[in-house]
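# Remarks on the overall topology
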Amino acid sequence: MKALRDLLASLGPASTIAVCGHTRPDGDAMGSVLGLSLALRDAGLDVLPLLADASPTPPAYSWMPCADALIPVSSLDAERRFDLLIIVDTPVIERLGQAGQLLARCDRTFLIDHHPARGSYTDQSLCDPGAAATGLLLWEILPELKLQRTPAVATCCYTALLSDTGSFRFSNTDARALEGASSMVAAGADPALIATALFANKPLAALRLDELVLSRAQLENAGAVVVSHYDQGDLSRLGVDVGWTEDLIDLIRVVEGAGIALLFVGTDAGARVSLRSSGSFDVSEVAMRFGGGGHHAAAGITWPDKEASIPEIRDRLLALLPQGAQK
């Protein structure tokens, strides 16, 4: 905490700061980037919120405060430098994508994250795996950084927390998360407005994709695991922006008796896998065996063998997962 406070205090009026999250940003990454950027701007600092992807702001989050200020890293000048780069919600450098190139072009780098540490790629870091979301950790440290908790900042941090707790349904929902949510609402976050914007404002094409993923759901490992899949061709055929795909795995993780959910995504660059657990099994340990990572109950893998088929990947993962449905 002191390290980041001292870093911010050392910046002069002409200093520049960039804030960036991981590729394919979810609600926690978006809320953390925008919330921190707003708080720093309110303090009079020159801040640029960045997207690690080349694509524009995901449509699911375009309503958020300051979202129109987000700039893809790919659009920056190749020689652009910053005095300070703050990375949020990104435990490994691989998830920075093109933004990883910025590390060498910034005088100082700092990571704020709630994922378990897996080695350091920034100069300094503040990581707290006990926080339900990076947005919650950010909210908690703002006063110590002498940054204001405005209604706009509260909205961003609440969005991050609501997203990463699955609307306070997941196992990371604890007293700390609920206390944080309460203080965000007291500071000006509107729970109904945010929930509607996140979960009840989707284009019809995105619902067609939901339907497709549900129709492909299958039980494996004697009912212990539910799996489904989609690919880039499905997105193109249905006309769905990739920004509407982050929460698809939540559609199938509710299947009775299945403690594990797997969602396979076929892309031109190979396959990705999202893994979720009801809490009794640590999916991050499985993910790390294939170069992925995450939390006990939520993890992801960008499959290392780009030529591997989804059926091949599925079989390898199922062999490592529990057998028998939960009682």
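Residues numbered from 1 in each chain as written. Predicted model: local features only at pLDDT ≥ 70, side-chain atom pairs only at ≥ 80, totals over all residues. Heavy atoms only, no water.

### Describing the sheet that holds strand β8 (residues 225-231)
Rules: For two strands to count as paired, DSSP must find a minimum of two bridges between them. Labels follow the DSSP assignment, with helices taken as runs of H or I lasting at least four residues and strands as runs of E lasting at least two, numbered in each case from the N terminus. In what follows, residue pairs with any heavy atoms lying within 4.5 Å of each other are defined as contacts. To define axes, lines are fitted to C-alpha atoms, for helices over the stretch in contact only, and angles between the resulting N-to-C directions are given on a 0 to 180 degree scale.
Reading across from one edge, β7-β8-β9-β10-β12-β11 is the order of the six strands in this open sheet, with mixed pairing throughout. If you trace the sheet from one side to the other, it starts and ends with β7 (218-220) and β11 (293-294), each paired once. Pairing of strand β9 (residues 260-267) with strand β10 (residues 270-277) involves eight bridges; the strand directions are antiparallel. Each bridged residue has a counterpart across the sheet, and for L263 the counterpart in β10 is S274. Each of β7, β8, β9, β10 and β12 (298-302) is contacted by helix α11 (residues 310-318), which is oriented at about 155 degrees to β9, the strand it contacts most.

### Some thoughts on the pairing of β9
The cut-off we apply is this: Burial status follows relative accessibility: with a 1.4 Å probe on protein chains alone, a residue under 20% of its type maximum counts as buried, one over 50% as exposed, and anything between as partly exposed.
Counting buried positions along β9 yields seven of eight residues, so the element is predominantly enclosed. Pairing between β8 and β9: seven bridges, direction parallel. Bridge pairing in β9 links H229 to F264. Linking β9 to β10, which pair antiparallel, is a turn of two residues.

### Describing the sheet that holds strand β4 (residues 82-88)
Strand order across the open sheet formed by six strands is β3-β2-β1-β4-β5-β6, with parallel pairing between neighbours. Looking at which strands have only one partner, the edges of the open sheet turn out to be β3 (71-72) and β6 (124-127). For β4 and strand β5 (residues 106-113), the ladder comprises six bridges, and the chain directions are parallel. Bridging from a neighbouring strand, I87 pairs with L111 of β5. With respect to the sheet, helix α3 (residues 134-141) is in contact with β4, β5 and β6, its orientation differing from that of β5 by roughly 110 degrees.

### Describing the pattern of salt bridges
Inclusion rule: Each salt bridge in this description consists of a side-chain nitrogen of Lys or Arg and a carboxyl oxygen of Asp or Glu lying within 4 Å of one another.
A full pass over the atoms with the stated rule returns eight salt bridges. Between R176 and D128 there is a salt bridge, with the nearest N and O atoms lying 2.7 Å from each other. Taken as a pair, R176 in helix α5 (residues 175-186) and D128 in the loop between β6 and α3 lie far apart in primary sequence, 48 residues in all. A relative accessible area of 25% means that R176 is categorised as partly exposed. Accessibility expressed as a relative area gives 23% for D128, which makes it partly exposed. Notably, a salt bridge pairs K202 with D210, separated by 2.7 Å at the nearest N-O pair. Accessibility expressed as a relative area gives 30% for K202, which makes it partly exposed. Here D210 falls in the buried class, since its relative accessible area comes to 10%. Several salt bridges converge on common partners, so that one network encompasses D128, E140 and R176.

### Some details on α5
Side chains that are three or four residues apart share a direction in an α-helix, a result of its 3.6 residues per turn. Applicable threshold: Here, expected helix span is obtained from the residue count minus one, scaled by 1.5 Å. Note that the arc is defined by the directions from the helix axis to the C-beta atoms.
Spanning 12 residues, α5 covers 16 Å between terminal C-alpha atoms, matching the ideal 16 Å at 1.5 Å per step. A177, G180, A181 and M184 are the residues of α5 that are buried. On an axial view of α5, the arc spanned by its buried residues comes to 100 degrees, and they lie on one face. Within α5, the exposed residues directed more than 90 degrees away from the buried face are E179 and A186. One or two steps after α5, the chain reaches G188, where phi turns positive at roughly 130 degrees.

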